[in-house]
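So you can see what is in the structure, the chains are spelled out below.
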Amino acid sequence: MSRTPTQAPRSVLVVAVLGIAFLALPVVGLLQRAPWSSLDDLLGRRTVLDALRVSFTVSAMAAAIVVVLGTPLAWMLVRVDIPMRRLVRALVVLPMVLPPVVGGTALLFALGRRGLVGQLLDRWFDITLPFTMAGAVVAATFVALPFYVMTVEGALRTMGDDLEQMAGTLGAPPLTVLRRITLPRLLPAMGAGLALAWARALGEFGATITFAGNLPGRTRTLPLATFQALESDPEAALALSLVLLAVSLVVLLPTRDRWLPTR
Amino acid sequence: MDMALSVQPGEIVAVVGPNGAGKTTLLRLLAGLERLDHGLLQLDGLTVDDATDPGHVASHDRSVGWVPQDRLLFPHLSVAANVGFSPGATPNRVDHLLATLDLRSIADRRPSECSGGQAQRVAVARALAGSPSLLLLDEPSTALDAASRRRIHGLLGADDRPATLLVTHDPVEAAGIADRVIQLDAGRIVAASAL
């Protein structure tokens, strides 16, 4: 026995197929023009390898910071009755909707050498963030954090707090409840959030170029190298794009239950 | 909720009443999952909640074992880890409870692999493992087979039993194991009788 499938109006199906074509076309274009025969040579070039190294270093560090900052933040947004929760939540989501260049500009004015906090970092600790790899990490973290927080926050809401309350009545203090009940049950969502945040960090362009610049071997990430190569070496740009496309597809795998339901 | 109720160590008090009478709320108040609007709540002679005081003793600092209607077993932990979850649970105590409630053979299973009766016995064992002063049981025998019911009732009849509040719809269960019955309606005790 199986359910009768929904009768779909043909006009709706036509528009839906147009939507699929619109999304698939750029990918097909990229694959069709890709320099498959010289791919090995292109990906072995120094500039490409440098961009790969910078990108993976920056995105991995950003992903680690995202988990450390984002897990308690998501937990607090769901489980703690904080004042002005809506405002705090809007602030958390802001980098998702803010044009990345604006994010980079804001970071420059906050953490630049003459920025609100940047001047203190420079004066007290001799730390300079703009136009450094650390700056690129800050920019990537800024844009990626909301993706992680929203994923984990959604999972926490869905889980509810019944089991946490239960653990409390058994005498477990709050930190034990977090360690033994909340976090183990949250791991799949943390993995999905981490994958999304890492992919966003890897693809970051606007905030990075504004705050950290485009310095080869230091802040020139894969997207920046792709943009740079597009003017002088389109084949290298295509090869770099393929790398980013492959990484994006790999990232979709751990999040497939969330984004790629089987039905 | 407006009542004066005192339960002595070793005493089993059955709480009966219609739906919405406040039976589950009473248990949640005692477990520290709800705050009092007015009045005073004492456990072991210690005030754990006072409506005139914004502070209260958190649930993890109360010596209470709670078996809710929906059991709330930890799905990612084995039966043995569920029973031994309380920081006050000793290995000997856990082993004794697993044996008494016939749970040894399924100690490594996850709750999702247990039958309804087994899951209920795990919930009761878990609540007792930390040797609480007060045991709160919310409909512990609902949908249980006769053997599971006998084992749970046998455990509740043991000499070292804590003060127990037993919410039940079953007058036979109340009469069978309780020392006293109180009837609630709209958050008040409307009848009380010794058995």
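Since the structure is predicted, the reported quantities are computational estimates derived from the model, not experimental observations.

**Section: the overall build of chain B**
Across its full length, chain B carries six helices and eight strands. When the helices and strands of chain B are placed in sequence order, the string is β-α-β-β-β-α-α-α-β-α-β-α-β-β. Taken over the C-alpha trace, chain B has a radius of gyration of 16 Å; the compact-globule value for 195 residues is 16 Å, and the two agree within 12%. By its C-alpha atoms, chain B is 45 × 35 × 30 Å across when sized along the principal axes. When contacts within chain B are restricted to residue pairs at least 6 apart in sequence, long-range pairs at least 24 apart make up 69% of them.

**Remarks on the overall build of chain A**
Of regular secondary structure, chain A possesses 13 helices and zero strands. From first element to last, N terminus to C terminus, chain A shows the α and β order α-α-α-α-α-α-α-α-α-α-α-α-α. Taken over the C-alpha atoms alone, chain A extends approximately 70 × 65 × 30 Å along its principal axes. By the burial criterion, 34% of the 263 residues in chain A qualify as buried. Put simply, of all contacts in chain A between residues at least 6 apart along the chain, 75% involve residues at least 24 apart.

**Observations regarding the interface of chain A and chain B**
Taken together, the contact between chain A and chain B spans 14 residues of the former and 16 residues of the latter. Residue assignment for the side of chain A that touches chain B shows that the elements contributing at least two residues are helix 8 (162–169) and helix 9 (174–202) of chain A. Top element by residues in the side of chain A that touches chain B is helix 8 of chain A. It accounts for seven residues. The residue makeup of the side of chain A that touches chain B, split by class, is eight nonpolar, four polar and two charged.

**Digging into the nonpolar core**
Counting 59 residues, the largest nonpolar core has Val15, Ala125 and Leu136 of chain B as its most contacted members. Residue contributions to this core peak at eight residues, all from helix 4 (residues 116–129) of chain B. When near neighbours in sequence (up to four residues on either side) are disregarded, valine 15 of chain B contacts Lys23, Leu26, Leu165, Leu166, Val167, Ile182 and Leu184 of chain B. Ranked by size, the runner-up nonpolar core spans 53 residues in total, among them Val58, Ala189, Ala236 and Val251 of chain A.

**As for the sheet that holds strand 6 (residues 163–167) of chain B**
Residues and elements named next belong to chain B. As summarised here, the arrangement of the six strands in space is 4-5-6-1-7-8, forming an open sheet in which the pairing is mixed. This sheet does not close on itself; its edge strands, each paired only once, are strand 4 (64–67) and strand 8 (188–194). Within this sheet the neighbouring strands show an average axis-to-axis angle of 15°, counted without direction. Bridge count between strand 5 (residues 134–138) and strand 6: five bridges; the pairing is parallel. In the sheet register, leucine 135 faces strand 6, and the bridge partner there is threonine 164. Sheet strands touched by helix 1 (residues 23–31): strand 1 (12–16), strand 4, strand 5, strand 6 and strand 7 (180–185). Its angle to strand 5, the strand with the most contacts, is close to 150°.

**Observations concerning the environment of serine 59 of chain B**
Residues and elements named next belong to chain B. Among the structural elements, serine 59 can be located in the loop between strand 3 (46–50) and strand 4. Given 22 C-beta atoms within a 10 Å radius, serine 59 is considered buried. Between the C-alpha atoms of serine 59 and glutamine 8, which are 51 residues apart in sequence, the distance is 20 Å.

**What about the environment of methionine 84 of chain A?**
Along the polypeptide, methionine 84 of chain A turns up in the loop between helix 3 (46–79) and helix 4 (85–97). With 13 residues separating them in the primary sequence, methionine 84 of chain A and valine 97 of chain A have C-alpha atoms 20 Å apart.

**Overview of the confidence of the model for chain B**
Residue and element names in this part refer to chain B. Across chain B, the average pLDDT comes to 88, with 98% of residues at or above 70. Of all helices and strands in chain B, the one with the weakest mean pLDDT is helix 5 (residues 146–156) (78), whereas helix 2 (residues 79–83) scores best (97). Two numbers describe this predicted complex: its pTM, 0.86, and its ipTM, 0.90.

**What about the environment of phenylalanine 211 of chain A?**
Residue and element names in this part refer to chain A. Its location among the elements puts phenylalanine 211 in helix 10 (residues 206–211). Overall, phenylalanine 211 belongs to the buried group, with 30 C-beta atoms counted inside 10 Å. In the structure, phenylalanine 211 is positioned ten residues away from threonine 221 in sequence and 13 Å away in space, judged by C-alpha atoms. For phenylalanine 211, the contacting residues outside a window of four places in its chain are Gly104, Leu107, Leu108, Pro130, Gly135, Val138 and Ala139.

**Details of helix 9 of chain A**
Spanning 29 residues, helix 9 of chain A covers only 35 Å between terminal C-alpha atoms, well under the ideal 42 Å at 1.5 Å per step. At leucine 187 of chain A, helix 9 of chain A shows its strongest bend, of approximately 55°, with the proline proline 188 of chain A following within four residues.

**Thoughts on unusual backbone geometry**
Its identity is not glycine, yet methionine 84 of chain A carries a phi of approximately 55°, on the positive side. You can call methionine 84 of chain A exposed: it has 9 C-beta atoms within 10 Å.

Quick notes on the rules
- Residues numbered from 1 in each chain as written.
- Chains lettered and ligands numbered in written order.
- Predicted model: local features only at pLDDT ≥ 70, side-chain atom pairs only at ≥ 80, totals over all residues.
- Helix = DSSP H or I, 4+ residues; strand = E, 2+ residues; numbered from the N terminus.
- Rg over C-alpha atoms; globule rule 2.2 N^0.38 Å.
- Contact = placed C-beta atoms within 7 Å.
- Buried ≥ 20, exposed ≤ 12 C-beta atoms within 10 Å, placed from the backbone.
- Nonpolar A, V, L, I, M, F, W, Y, C, P; charged D, E, K, R; others polar.
- Core = buried A, V, L, I, M, F, W, Y, C linked by C-beta atoms within 7 Å.
- Pairing = 2+ DSSP bridges.
- Axes fitted to C-alpha atoms, helices over the stretch in contact; angles between N-to-C directions.
- pLDDT = per-residue confidence, 0-100.
- Expected span 1.5 Å × (residues − 1).
- Bend = angle between axes of the 7 residues up to and from the residue.

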